[in-house]
Amino acid sequence: MPDTEGKTVSLTVPAEAEFARSVRMLAANLAVVCGLSIDDVEDVRMAAEEGFVFSSSTDQDEVQVLFTIDEAKIQIQFSLGESAEVGDFDYAKLILDSVTDEAVVDEEQGVLTVVKTMGGAA
């Protein structure tokens, strides 16, 4: 396995639904690079899509996505637009909590962060 300790990959994506697949596929590829299991890779794919869809709905033209990978862990941060409110996050959080180890909106920073570790939440 390649050295993945603390590597980052950033992506700027138009905040449009048709780009969700691009985010989902990159997330899955990076989860494989981290050495996550097939089930964990599927969880990361779902989390990436749900996170992107939520962040796309927060009044911004582009979504900044930052992937940070370590051995057996991936963290994904999505930029949030001006209209992001934790109350709007309830449905997305329900899904994200079922497939990740952590899903948090930081309204002050304008970021949604999700984390998946090998063998974590499923």
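Conventions adopted
- Residues numbered from 1 in each chain as written.
- Predicted model: local features only at pLDDT ≥ 70, side-chain atom pairs only at ≥ 80, totals over all residues.
- Heavy atoms only, no water.
- Buried < 20%, exposed > 50% of the residue type's maximum accessible area, 1.4 Å probe, protein only.
- Helix = DSSP H or I, 4+ residues; strand = E, 2+ residues; numbered from the N terminus.
- Arc of directions from axis to C-beta.
- Contact = heavy atoms within 4.5 Å.
- Polar contact = N/O pair within 3.5 Å; in protein donor to acceptor, adjacent residues only side chain to side chain.
- Pairing = 2+ DSSP bridges.
- Axes fitted to C-alpha atoms, helices over the stretch in contact; angles between N-to-C directions.
- Patch = residues over 30% accessible without salt bridge, like charges linked within 9 Å, V, L, I, M, F, W, Y side chains within 5 Å.
- Areas by Shrake-Rupley, 256 points an atom, 1.4 Å probe, with all protein chains shown as cover.
- Salt bridge = Lys/Arg side-chain N within 4 Å of Asp/Glu carboxyl O.
- Lys, Arg positive; Asp, Glu negative; His and termini not counted.
- Charge placed at Lys NZ, Arg CZ, Asp CG, Glu CD.

As for helix α3 (residues 90-99)
Here is step 1: Of the positions making up α3, those classed as buried are A92, I95, L96 and V99. End-on view of α3: buried residues confined to an arc of 95°, all on one side of the axis. Opposite its buried face, α3 presents the exposed residues D90 and L94, each directed more than 90 degrees away.
Here is step 2: Check the buried side of α3 and you find it contacts α2 (38-56), β4 (102-106) and β5 (111-117).

Regarding the side chain of S55
Here is step 1: Relative to the assigned elements, S55 resides in helix α2.
Here is step 2: A polar side-chain atom of S55 sits 3.0 Å from the main-chain carbonyl oxygen of F52.
Here is step 3: Apart from the residues within four sequence positions on either side, S55 is in contact with Q60, V63, F78, S79 and L80.

Section: the sheet that holds β4
By way of backbone hydrogen bonds, the strands of a sheet pair with one another, either parallel or antiparallel.
Here is step 1: Strand order in the open sheet formed by five strands is β1-β2-β3-β5-β4, and the pairing between neighbours is antiparallel. The open sheet is flanked by β1 (7-14) and β4, the only strands paired with a single partner. Averaged over all pairs of adjacent strands, the angle between their axes in this sheet comes to 15°, without regard to strand direction.
Here is step 2: One ladder, built from five bridges, connects β4 with β5; its direction is antiparallel. Bridged to A103 within β5 is V114.

Digging into a negative patch on the surface
Here is step 1: On the surface, E16, E18, D59, D61, E62 and E82 cluster together to form a negatively charged patch.
Here is step 2: For E62, a relative accessible area of 45% puts it in the partly exposed group.

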